[in-house]
Amino acid sequence: MMDPFLDTGALARLLAAGEATSRDLTRAALHRAEALSHLAAFLHLDPEGAMDSAAESDRRRSRGEARGPLDGVPVALKDNLVTRGLPTTCASRILAGWIPPYDGTAVSRLKAAGAVVLGKTNLDEFAMGSSTENSAFGPTRNPWDTGRVPGGSSGGSVAAVAAGIVPLALGSETGGSVRQPAALCGVLGLKPTYGRISRSGLVAFASSLDQIGPISRDVEGMAWVLGAIAGPDPLDSTSAPAAVPDYAAGLDAGVAGLRVGLPREYFAEGLDPATRARVETVAEALRDAGATLVDVSLPSSPLGIAAYYVIAPAEASSNLARFDGVRYGPRARDPVDLEDLYVRTRSEGFGDEVKRRIVLGTFVLSAGYQEAYYLKAMAVRRAISADFEAAFSRVDVLLTPTTPGPAFPIGERAGDPLAMYLSDVYTVSVNLAGLPGISVPAGLVDGLPVGAQLIGRAFEEATLLRVAAALERAMPWRDLRPDVAGGGGAA
Ligand code: GLN
């Protein structure tokens, strides 16, 4: 039986050495996904499609035409990434039965690199949430403790990686949805610079914030997947023209001489002391590896949540207008007129949190309130960016906790939106400023993982990955394996 926790680098080497086929890996991943179905990480598995792609990959490799290290590696995709021929629900009833006719850009690039798509993963409806409890199809469970949330909104993708079903997955971020669950499940999660990866084929939540992000158990795998999917795309006018470096090339360069800023606002009230202690061990590991720790301040960051919950709902209220019962998904029966069709389709199709966001967003954009709320939030957004700019004139990267504490019990915050929103207190400012951020494992608190976040200058993902690689060598990440019952994963 193959070790289900082998990471992308290890699997790529097995494939290259001819010690495993993609069909072996894909079959094992499908078995494990079935055996761990109680985690509800997947909304849809595609056994036939996956086995077909695996067989194609094996044929390419036997002809000496393997496309690179990801060729033949099984991956999972968050179900707000549009996939040709596979359901794409955004975990919403309003998209039930929708089978997209095309692949999003990141998806088609990942397939072109040879990756095998195992299926689509669970999320908070339309990526609105921090726990994956807002899914219309039920919550995903944290592989470390099935009574707890995996975080969200990319909870399904992260749980699939953390439980050893797949070594890699794609999620999406608007305010922390890759980094926060990655922290709570003990894996790596990257939110690239806004514009680094095309958003074409990522169902829009808040277009000025949304970004696809990779999830992985190893830094090398993350570097490969980022390299495969990043870069300009004529289908997304906000994709950046910047050239895509070889992200795997500099991973061994170390951190000697690197200046690491610790923003004091991120180590203040509200941070669980045990989580803080774990993040401090990460800072010490960086110092021991030759980095210099610097005290810095990001004074506007505490306003991030307030600004985010004006800007993100404002954009969502506009983006979600397209779900009207005419173009996608189910439609209310026997409408008496057009308004009745819209009202009933949307009332029946959207869940409570999505409705809350639409109402909030419509309110903050309405005549008379736009200046009081939306324009003020935009001013805060600029102040947050200016803070980061000032900090990055003194340091190369910033180190913070990813979340205020470990995973919370399912149900604990479901009735308290504000408590839920505060799970993203350390991640949203990075989205508002459009910067890259990565969450790396920081160890366990009472048997549950917590994460440390590294934030970089725009388009300096390579620096974040280099720092993460130094930490991967210095810290015992490989021992971070949840004890998931029933996950045989026979190869
Ligand atoms: N938890 C935040 C929200 O609910 C962020 C979600 C996300 O990044 N997609 O909006």
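Preceding block: the structure.
Residues numbered from 1 in each chain as written. Predicted model: local features only at pLDDT ≥ 70, side-chain atom pairs only at ≥ 80, totals over all residues. Heavy atoms only, no water.

Novice: Tell me about the side chain of Glu472, residues and numbers included.
Specialist: Residue position: Glu472 is located in helix H15 (residues 461-474). Residue Glu472 is classed as buried on the basis of its relative accessible area, which comes to 16%. Each residue touching Glu472, except ones within four places of it in the same chain, is listed here: Arg217, Asp218, Val219, Trp477 and Arg478. (Helix = DSSP H or I, 4+ residues; strand = E, 2+ residues; numbered from the N terminus. Buried < 20%, exposed > 50% of the residue type's maximum accessible area, 1.4 Å probe, protein only. Contact = heavy atoms within 4.5 Å.)

Novice: Describe the packing of helix H8 (residues 273-288) against H15, with residues and values.
Specialist: At a minimum axis separation of 10 Å, H8 and H15 run at an interaxial angle of 100°. Relative to H15, H8 is oriented roughly perpendicular. From H8, Val282, Ala285 and Leu286 reach across to H15, where they touch Val467, Leu471 and Ala474. Looking at the contact of H8 with H15 residue by residue, the class counts come to six nonpolar, no polar and no charged. (Axes fitted to C-alpha atoms, helices over the stretch in contact; angles between N-to-C directions. Parallel < 35°, antiparallel > 145°, perpendicular 65-115°, else oblique. Nonpolar A, V, L, I, M, F, W, Y, C, P; charged D, E, K, R; others polar.)

Novice: Before we move on, could you go through the side chain of Arg199 and cite the residues and values that matter?
Specialist: Mapping Arg199 onto the fold places it in the loop between strand S5 (188-191) and strand S6 (211-216). Judged by relative accessible area, which is 16%, Arg199 ranks as buried. Only 3.3 Å separates the side chain of Arg199 from the side chain of Tyr194, close enough to count as a polar contact. Not counting residues within four places of it along the chain, the set of residues in contact with Arg199 comprises Tyr194, Ser207, Asp210, Gln211, Asp236 and Thr238. (Polar contact = N/O pair within 3.5 Å; in protein donor to acceptor, adjacent residues only side chain to side chain.)

Novice: How would you summarise the nonpolar core if you had to cite specific residues and measurements?
Specialist: One broad rule of soluble globular proteins: the nonpolar side chains tend to lie buried together. Core analysis: the largest hydrophobic core is formed by 114 residues, its most contacted members being Phe126, Phe388, Ile438 and Leu471. Aside from chain neighbours lying at most four places away, what touches Phe126 is Cys90, Ser92, Ile94, Leu95, Val203, Phe205, Leu320, Phe323, Phe350 and Val354. Formed by 27 residues, the second largest nonpolar core is a distinct cluster that contains Ala41, Val116, Ala159 and Cys185. (Core = buried A, V, L, I, M, F, W, Y, C linked by side-chain atoms within 4.5 Å.)

Novice: I'd like to hear about the pattern of salt bridges, residue by residue, with values.
Specialist: Where charged atoms from two side chains of opposite charge come close, those side chains can pair. Summed over all chains, the structure comprises 23 salt bridges. A salt bridge links Arg276 to Glu280, with the nearest nitrogen and oxygen atoms 2.9 Å apart. With a gap of four residues between them, Arg276 and Glu280 both fall in helix H8, about one helical turn apart. For Arg357, the salt bridge is made with Glu353, and the minimal N-O distance between the two is 2.7 Å. With a gap of four residues between them, Arg357 and Glu353 both fall in helix H11 (residues 352-365), about one helical turn apart. Assigned by exposure class, Arg357 and Glu353 land together as buried. (Salt bridge = Lys/Arg side-chain N within 4 Å of Asp/Glu carboxyl O.)

Novice: Which residues make up the sheet that holds strand S1 (residues 42-45), and what are the values?
Specialist: Reading across from one edge, S1-S3-S2-S4-S6-S5-S10-S11-S9-S7-S8 is the order of the 11 strands in this open sheet, with mixed pairing throughout. The open sheet has two edge strands, S1 and strand S8 (292-296), and neither has a second partner. The sheet shows a mean angle of 30° between the axes of neighbouring strands, taken without regard to direction. The sheet contact formed by strand S10 (residues 437-445) and strand S11 (residues 448-456) spans eight bridges and is antiparallel. Each bridged residue has a counterpart across the sheet, and for Leu444 the counterpart in S11 is Pro449. Against the sheet, helix H4 (residues 105-112) makes contact with strand S2 (74-78), strand S3 (116-121), strand S4 (168-173) and S6, and its axis sits at roughly 175° relative to S2, the strand it touches most. (Pairing = 2+ DSSP bridges.)

Novice: Explain the site of the ligand to me, and be specific about the residues and the numbers.
Specialist: Among the 15 residues in the neighbourhood of the ligand, the closest are listed as Gly175, Ser177, Tyr308, Arg357 and Asp424. Between the ligand and Gly129 there is a distance of 2.9 Å, counted from an oxygen atom to a backbone nitrogen or oxygen. Ser177 is positioned such that a nitrogen or oxygen atom in its side chain is 2.7 Å from an oxygen atom of the ligand. In isolation the ligand offers 290 Å² of accessible surface; the protein chains occlude 100% of this area. Judged by the fraction of its atoms near the pocket grid, the ligand is located in the second largest cavity. Here the residues of the shell around the ligand are counted per class, giving five nonpolar, seven polar and three charged. (Near = heavy atom within 4 Å. Areas by Shrake-Rupley, 256 points an atom, 1.4 Å probe, with all protein chains shown as cover. 1 Å grid on protein atoms, 1.4 Å probe; cavity = no way out; pocket = protein on both sides within 12 Å on 5 of 7 lines; lining within 4 Å. Sits in = over half its atoms within 2 Å of the grid points.)

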